[in-house]
Amino acid sequence: MNIHEYQAKELLSRYGVAVPPDRVVSTADEARAAAEQLLADGATLLVVKSQIHAGGRGKGTFKSGFQGGVKLCKTANDAAEKAAAMLGQVLVTKQTGPDGRLVSKVLIAAAPQIKKEFYLAVLLDRAASKPVIMASTEGGVDIEEVAEQTPDKIFKVHVDPAVGLYPHQARSLAVALGLKGDLIASAAKLIVGVYRTWLESDAAMLEINPLCVIAGQDGKDTLSAVDAKMSLDDNALYRHPDILAMRDLAEESPLEVEASKFALNYIKLDGAIACLVNGAGLAMGTMDIIKHYGGEPANFLDVGGGASVEQVTAAFKIIMKDPNVKAILVNIFGGIMDCNIIATGIVAAVNETGLKLPLVVRLEGNNVLAGKQTLADSGLPIISATTMADAAQKVVKAIAA
């Protein structure tokens, strides 16, 4: 689950990570009031930031023609005008795709005097089976570009999950970033706070870009998380009802939201062949083989290892709500899954929805003979397949016909 920038900053602040003073608003009048308060509290420059689950906001373009989802302002009136230009409009960035995202909230924040920008992130290194903290002197730049062009500027520290982050590891990252004097201790404290936020929130990824050295009100340099991006592990959200409450369904695909109600793993794609598969690995393989034979998958849909008839029926209904779907491929390998349950679900779903699209079914494994008999006895025009390759070729041929 992804959350907005302002929500990620709220979590960071709980663990002592410094963030600029800000207010999240949903109207131009609220933006003016928030800006007036921040200016009264000592801010000399403000930033208005569109809140969507996508990066590249500053370089994005609204479909209204307004340029940029991040704007600097000096007055409350200017902040209100910029907010009005963003709210209720669709912002298109390199990460949203051409459809863009509707902006329903903006963040009004104090814009500090930035002296230096860094990159900091915590995520799981699956190859090492450990958390890894990544830092770079190239803040404000996409980390993918840094990794490709100047990989020597990315510093990594792996954390032993059994003992946690050592203070000397945090200090070593601060030194690698070129910080000196009191900033080393400040950075080490901040890094520990960021790591604790990631760990105790059960996050999948927490990215601070940029992490900035800013001029403090007392004249001393200090560190601040000027931007933040955070995604949470869905499987752990039951432990964090406060974080789950931050979920913004408007930022998610309606079909993906519907699938989550039935514990289905669904991701919409742009193709015409819908896939219904049990197991993430098999789902990936199914999409690959569809591509291999010239088709385009319309979705990733994993019903899991123990799906019920109700879940299979729900999966078909979700698939059919996608207007791009021209055919359906069901590919089931029954290890834990009973193939006859899938077959019963398929028959129920086709009868209930009145499916008219070509349907190719490949069943293999646990109770497969009963499953195939259920399909045969249904009298439905189901195209049977014996292997993945056979199924993929038949579904591609069915669309062509």
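First, a word on what this report is: a plain description of the structure on this page. (Residues numbered from 1 in each chain as written. Predicted model: local features only at pLDDT ≥ 70, side-chain atom pairs only at ≥ 80, totals over all residues. Heavy atoms only, no water.)

Overview of the nonpolar core
Stage number 1. Leu120, Ile133, Leu179, Val194 and Ile208 are the most contacted members of the largest nonpolar core, which has 41 residues in total.
Stage number 2. Breaking this core down by element, the ones donating at least two residues are helix H1 (5-14), strand S9 (114-125), strand S10 (130-136), helix H5 (167-176), helix H6 (182-200), strand S12 (203-215), strand S13 (221-225) and strand S14 (229-232).
Stage number 3. Of the residues forming this core, the biggest block, nine residues, is contributed by H6.
Stage number 4. Those residues within four positions of Leu120 in sequence are excluded, and the remaining contacts are Ile133, Met134, Ala135, Leu190, Ile191, Val194, Leu206, Glu207, Ile208 and Leu211.
Stage number 5. In this structure, Ala274, Ile346, Leu355 and Leu375 belong to the second largest nonpolar core, which totals 35 residues. (Core = buried A, V, L, I, M, F, W, Y, C linked by side-chain atoms within 4.5 Å. Buried < 20%, exposed > 50% of the residue type's maximum accessible area, 1.4 Å probe, protein only. Helix = DSSP H or I, 4+ residues; strand = E, 2+ residues; numbered from the N terminus. Contact = heavy atoms within 4.5 Å.)

With respect to the state of the cysteines
Stage number 1. A complete count under the given rule lists zero disulfides for this structure.
Stage number 2. Here Cys275 stays free of any disulfide, with the sulfur of Cys339 as its closest cysteine sulfur at 17 Å. (Disulfide = S-S within 2.5 Å.)

Looking at the side chain of Thr137
Stage number 1. Note on placement: Thr137 falls in the loop between S10 and helix H4 (143-149).
Stage number 2. The buried category is assigned to Thr137, whose relative accessible area is 18%.
Stage number 3. For Thr137, the side chain forms a polar contact with the side chain of Glu138, separated by 3.2 Å.
Stage number 4. The contacts of Thr137, once residues within four sequence positions are left out, are Lys116, Glu117, Phe118, Lys153, Phe155, Ala176 and Leu177. (Polar contact = N/O pair within 3.5 Å; in protein donor to acceptor, adjacent residues only side chain to side chain.)

Concerning the sheet that holds strand S3 (residues 46-50)
Backbone-to-backbone hydrogen bonds pair the strands of a sheet. The strands run either parallel or antiparallel.
Stage number 1. Taken together, the four strands give an open sheet; going across it, the order is S2-S8-S3-S5, and neighbouring strands pair in antiparallel fashion. Edge strands, defined here as strands with exactly one partner in the open sheet, are strand S2 (22-25) and strand S5 (70-73). Between one strand axis and the next, the sheet turns through 20 degrees on average, direction left out of account.
Stage number 2. Strand direction decides the pairing type here: S3 and S5, joined by four bridges, are antiparallel. Each bridged residue has a counterpart across the sheet, and for Lys49 the counterpart in S5 is Val70.
Stage number 3. Where H1 meets the sheet, it contacts S2, S3 and strand S8 (106-110), and its direction lies at approximately 50 degrees from that of S8.
Stage number 4. Strands in contact with helix H3 (residues 76-86) are S3, S5 and S8; relative to S5, the strand with the most contacts, it is inclined by about 165 degrees. (Pairing = 2+ DSSP bridges. Axes fitted to C-alpha atoms, helices over the stretch in contact; angles between N-to-C directions.)

With respect to the pattern of salt bridges
Stage number 1. Taken as a whole and assessed by the stated rule, the structure comprises 21 salt bridges.
Stage number 2. Across the pair Arg239 and Asp202 runs a salt bridge, and its minimum N-O distance is 3.0 Å. Of this pair, Arg239 sits in the loop between S14 and helix H7 (241-244) while Asp202 sits in the loop between H6 and S12, and the two are 37 residues apart along the sequence.
Stage number 3. By relative accessible area, which is 48% here, Arg239 ends up partly exposed.
Stage number 4. Residues Lys394 and Asp390 are paired through a salt bridge, measuring 3.3 Å at the closest nitrogen-oxygen approach. Highlighted residues: Lys394 and Asp390, both in helix H13 (residues 388-400), separated by four residues, approximately one helical turn.
Stage number 5. Among the charged side chains, a network of salt bridges with common partners joins Glu5, Lys9, Lys49, Arg57 and Asp227. (Salt bridge = Lys/Arg side-chain N within 4 Å of Asp/Glu carboxyl O.)

Points about the packing of helix H10 (residues 309-320) against helix H11 (residues 339-353)
Stage number 1. With their axes 8 Å apart at the nearest point, H10 and H11 run at an angle of 45 degrees to one another. Comparing the axis directions of H10 and H11 gives the class oblique. Considering how the two elements wind past one another, H10 and H11 form a crossing that is right-handed. Between H10 and H11, the residues in contact are Val309, Val312, Thr313, Phe316, Lys317 and Met320 and Ile341, Ile342, Thr344, Gly345, Ile346, Ala348, Ala349, Glu352 and Thr353, respectively.
Stage number 2. Of the residues belonging to the contact of H10 with H11, the class tally is nine nonpolar, four polar and two charged. (Parallel < 35°, antiparallel > 145°, perpendicular 65-115°, else oblique. Left-handed = near helix turned anticlockwise from the far one by under 90°. Nonpolar A, V, L, I, M, F, W, Y, C, P; charged D, E, K, R; others polar.)

Here's the deal with the pairing of strand S18 (residues 327-334)
Stage number 1. In terms of burial, S18 is largely enclosed, as seven of its eight residues are buried.
Stage number 2. Direction of pairing for strand S16 (residues 273-277) relative to S18: parallel, over a ladder of five bridges. Directly across from Ala274, in S18, lies its bridge partner Ile328.
Stage number 3. Relative to strand S19 (residues 359-365), S18 runs parallel, the two sharing seven bridges. Bridge pairing in S19 places Gly334 opposite Gly365.
Stage number 4. In terms of handedness, the path from S18 via H11 over to S19 forms a crossover that is right-handed. (Right-handed = clockwise from strand over helix to strand, strands pointing away.)

Quick word on the packing of H11 against helix H12 (residues 368-377)
Stage number 1. It is the contact of H11 with H12, at a shortest axis distance of 7 Å, that shows an interaxial angle of 15 degrees. Put simply, H11 runs roughly parallel to H12. Classified by chirality, the crossing of H12 by H11 is right-handed. Within the contact between the two elements, H11 uses Cys339, Asn340, Ala343, Thr344, Ile346 and Val347 and H12 uses Val368, Ala370, Gly371, Thr374 and Leu375.

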